[in-house]
Structures are given as structure tokens and as C-alpha cells.
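# Breakdown of the fold
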Amino acid sequence: MSKSNESEKFGKVAVLYGGDSAERDISLQSGESVLHALREECIAAEGVDCRGNYLQKLAEFDRVFIALHGRGGEDGTLQGALEVLRIPYTGSGVLASALAMDKVLCKQLWEGVNLPTPEFLVVTESEQLTKLNKVENFPVMVKPAREGSSVGMSKVDTAGDLKQAVSLALQYDIALVERYIQGEEYTVAILGDKVLPPVRLKTPRDFYDYEAKYQSQDTEYRCPCGLDPDDEAALKTLAYEAYKSVSASGWGRVDVMRDAAGRFYLLEINTVPGMTSHSLVPMAAKQGGISFNRLVMEILESSFPQSHSQG
Ligand SMILES: Nc1ncnc2c1ncn2[C@@H]1O[C@H](COP(=O)(O)OP(=O)(O)O)[C@@H](O)[C@H]1O
Ligand SMILES: [Mg+2]
């Protein structure tokens, strides 16, 4: 099919980006990159900044490409609205999006199906005083249940610093106190049913925090990731099982730690990962022989309705 014939199949595409979550700036960059690629592929695409009552603007479009990260874009609410409006959209459906956004529910589900994830404790505002005394082993990671980009997160080395870290996380949501895994960090991108080559992340900082993700020059990315073939295969299988366990579809990215003994632990799933030119999914795709434009087009394909009911 020629490019212009193919574009007819997709109709008019709205690229949803921006919004007002903590990840607005990254989403603006992701959306711009996606828009640029779609236009190069002769798709009739327009950007829609998702602030205010933007749903009304979508009536004139045939489908949407969701490039909104975090709450309001990645958490199932937008997906639910689009289902009601009967507008096809890219990526995971309502349930998978909501589950993947909630680190507590997602980890409980993984425990239920015997997938490895670091031990954790859930702390709500009212339980703070009673529960925190039970934390005996340090370091731990403290994080809000439903945020991204390492917002509201801290690594805590001693009991004395725990309360303050939990208070910070509680400003955003209920909090998780999770065992800190000392070791290597990997992230695994999934496109449709393909698992792309894993990326290893290395930062001299305590963990891959907001600065290491978006600002620092000294974060290293390795793809190929350097694991031996058996370990790499095990990591890919684990990431795919984690993705399928929440019934994610279309595309996504799974964050994983590996301890000194070589055991993998699932941290989280992102159902709308970053799509800037220097983001991790495009990096993995490139290593897998998939150009940025091809990647964007394959994600757009996931907007055809059968996608959300897979798995
Ligand atoms: N249990 C843990 N052990 C070690 N490092 C962790 C742990 N949890 C999170 N991290 C670090 O914090 C980063 C962000 O955590 P993650 O759970 O992926 O949340 P976010 O949604 O903010 O990306 C990870 O990329 C990793 O570097
Ligand atoms: Mg993460």
C-alpha cells in the first residue's frame, strides 16, 4: 500500500498530549515527536493539548494517539471516556491502564500470579504511626501508588528518615514502602506482541530519579544491555508475563531490577511510556531494527478495536 492509501485507513488522528499531570512537559515533547512522525507518514494528524474540556474537540477525529503520561492519560479515565464516545485509541484499555497506573494493585496482582516483585507495605495517612514501626530492614524505597517520573519518591537508609519520606509520598497518594533492590536496572519495551531488546540504565545517583531521567548528562543507557543470552531471555519472558498479567495491549514498558544474585524483580509497567526522540522505547525499537516512524505507525495500528480485548 502506498503511504497515502494507508493514511486513508486511519482517517483523521488526534495526538493527545500535554494535560496537567506532573508529567506535562515530557508529554508535550512525546506528542510533538509523534505528531512529526505521523505527518511524515502522510497521516492527517493534529495535536490536542488536554487541558480544560478537551473531549469536545475530539468529535471531529476518527481515532486518537494517546501521548499523555501519568494521571488523566495513562490511568484508564481517558480510555473510559473514549470508549463511551466510541473513539478508537492507541494502547491499553481501561482495566489494564488503571491497574498498571496503581503500583499497589499491580504488585498485589503479581504476587497473586507468582511473578517476582520486591516486598512492600502499603501506608495510608491514618496508618502512618502504627505501620512505620514495622519497617525493620533498610534501605527501602518510598513512593506514591499512582505517580510517574519518580515524583514523590525517596530512597530511605535509616528508620529516622522514614516518616519524612512517607509524608512526601502521601502528598500525592497512598504510599508504598518497598524493599530496595541493590543491583542493576533494566527496562523492557513491548510493541504489540514483540518484546524489544532490553535497555540497561546506569546512574551514579541513588536511583533513577527525575533528574537522572530528564536532566542529567551522566545517565548511561546500554542497548544491547550486556546480559548473557539466557539471562536476557529470562528478563524478556518475565517482562512479557508481567505485561500480559494486567492485560496490557498495544505497547508498553516494564521496569525491572536485578539483584546481586541475578534475581529479577518487577517494579512497574508504563502503558504510555515516553516517546521523545531520546526516550527508552524508541531506543529499544532502534536496536530491534524498528525506526521511530515505524514504531509510531505500529502503535497507531493498536487503535483498531480488537487490540484492547487481547490477552
Ligand atoms: N525497590 C526498588 N529498589 C531499587 N530501586 C528502585 C526500587 N523502586 C524504584 N527504584 C528506582 O526508582 C526509579 C523509579 O521507580 P518506579 O517504580 O519505576 O516509578 P516511576 O513510576 O516513578 O518510574 C526506578 O527506575 C529505580 O531506579
Ligand atoms: Mg519507572
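All residue numbers refer to position in the chain's written sequence, counted from 1. Just so you know, chain letters begin at A and ligand numbers begin at 1, following the order they were written in. Since the coordinates come from a predicted model, pLDDT governs what is reported: local features require at least 70, and pairs of side-chain atoms require 80 or more to be given and counted, while whole-chain, interface and lining totals use all residues. For the side-chain quantities, the full set of heavy atoms in the structure was used; hydrogens and water were omitted.

## Some thoughts on empty space enclosed by the protein
- Here a cavity is any set of points on a 1 Å grid over the protein atoms alone where a 1.4 Å probe fits but cannot get out, and a pocket is any open set with protein on both sides within 12 Å along at least 5 of 7 lines; a residue lines the site when it has an atom within 4 Å of a point. Grid points are joined across faces, edges and corners, and a volume is the space filled by probe spheres set on the points. Applying the stated rule across the entire model yields one cavity of 30 Å³ or more.
- Of the volumes computed, that of the largest cavity is approximately 40 Å³.
- What lines the largest cavity is simply I66, Q79, T90, G91, S92, S97, W251, T271 and V272.
- Shared between two domains, the lining of the largest cavity takes at least three residues from each, and those domains are domain 1 (3-90) and domain 2 (100-116 + 182-301). The split into domains, and so the bounds of each, comes from an automatic or database assignment of domains.

## Considerations on helix α2 (residues 24-40)
- An ideal rise of 1.5 Å per residue puts 24 Å on 17 residues; α2 measures up with 24 Å between its terminal C-alpha atoms.
- Partly exposed residues are those whose accessible area sits between 20% and 50% of the maximum for their type, while under 20% is buried and over 50% is exposed, using a 1.4 Å probe and protein chains only. Strands are runs of DSSP state E lasting at least 2 residues, helices are runs of H or I lasting at least 4, and numbering of each runs from the N terminus. Turning to α2, its buried residues number three or more, namely R24, I26, S27, S30, G31, S33, V34, L35, A37 and L38.
- Positive phi appears at C42, one or two residues downstream of α2, with a value of about 65°. Working rule for helices: expected span equals 1.5 Å times residues minus one.

## Brief notes about the coordination of the magnesium ion (ligand 2)
- Within the first shell, the magnesium ion (ligand 2) binds the protein through D255 (OD) and E268 (OE), at distances of 1.9 to 2.1 Å. Pair noted here: D255 is in strand β12 (residues 251-259) and E268 is in strand β13 (residues 264-270), with a separation of 13 residues, a long-range link. Both residues of the pair, D255 and E268, belong to the buried class. The donor set covers N, O and S atoms within 2.8 Å of the metal, switching to 3.2 Å for Na, K and Ca, and it leaves out water, so a site may look short of donors.

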